[in-house]
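If you want the building blocks of each chain, they are given just below.
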Amino acid sequence: EALGGIAILESVLWDAVPAYLRKLDAQLRFSLGSRLPVDVVPIKFASWIGGDRDGNPNVTPIVTLEVVNQQRLRAARLYL
């Protein structure tokens, strides 16, 4: 589950979200004559990957820590 979620972020959302925000900014300039403010957050993401403790005995604090560390590492690699 964790690797699949990270793969979707990397292969789809990493390029799609900035492209959408550029289109949104262009439409705002065209329609309203102003740009998307830099401090506006039109899209927010959250994830339960590795922390879904709804009775699954396999999701332990250690699993959550490992998944969060994996996500941090992947995020750092995407930015570098």
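Only a predicted model underlies this, so the values are computations on that prediction, with no experimental measurement involved. (Residues numbered from 1 in each chain as written. Predicted model: local features only at pLDDT ≥ 70, side-chain atom pairs only at ≥ 80, totals over all residues. Heavy atoms only, no water.)

Caption draft 1: Main features of the environment of Q71. Note that Q71 resides in helix α2 (residues 61-79). Looking at Q71, the relative accessible area reads 24%, which means it is partly exposed. Between the C-alpha atoms of Q71 and V12, which are 59 residues apart in sequence, the distance is 16 Å. Sequence-distant contacts of Q71, that is, excluding residues within four places in its chain, are made with I6, S47 and I49. (Helix = DSSP H or I, 4+ residues; strand = E, 2+ residues; numbered from the N terminus. Buried < 20%, exposed > 50% of the residue type's maximum accessible area, 1.4 Å probe, protein only. Contact = heavy atoms within 4.5 Å.)

Caption draft 2: Main features of the layout of surface pockets. Within this model, the largest pocket holds a volume of roughly 580 Å³. What lines the largest pocket is a set of 18 residues, among which L9, L13, W14, F45 and L78 lie closest to the centre. When residues of the lining of the largest pocket are traced back to their parent elements, those giving at least two are α1 (2-32) and α2. With 9 residues, the single largest contributor to the lining of the largest pocket is α1. Split by residue class, the lining of the largest pocket holds 13 nonpolar, 3 polar and 2 charged. (1 Å grid on protein atoms, 1.4 Å probe; cavity = no way out; pocket = protein on both sides within 12 Å on 5 of 7 lines; lining within 4 Å. Points joined across faces, edges and corners; volume = space filled by probe spheres on them. Nonpolar A, V, L, I, M, F, W, Y, C, P; charged D, E, K, R; others polar.)

Caption draft 3: Summary view of the pattern of salt bridges. What the rule picks out here adds up to 3 salt bridges. In this structure, E10 engages R74 in a salt bridge whose closest nitrogen and oxygen atoms are separated by 2.9 Å. In this pair, E10 is assigned in helix α1 and R74 in helix α2, connecting sequence segments 64 residues apart. A salt bridge links D25 to R29, with the nearest nitrogen and oxygen atoms 3.2 Å apart. Taken together, the residues span about one helical turn, with D25 and R29 both in helix α1 at a distance of 4 residues. Given the relative accessible area of 41%, R29 is considered partly exposed. (Salt bridge = Lys/Arg side-chain N within 4 Å of Asp/Glu carboxyl O.)

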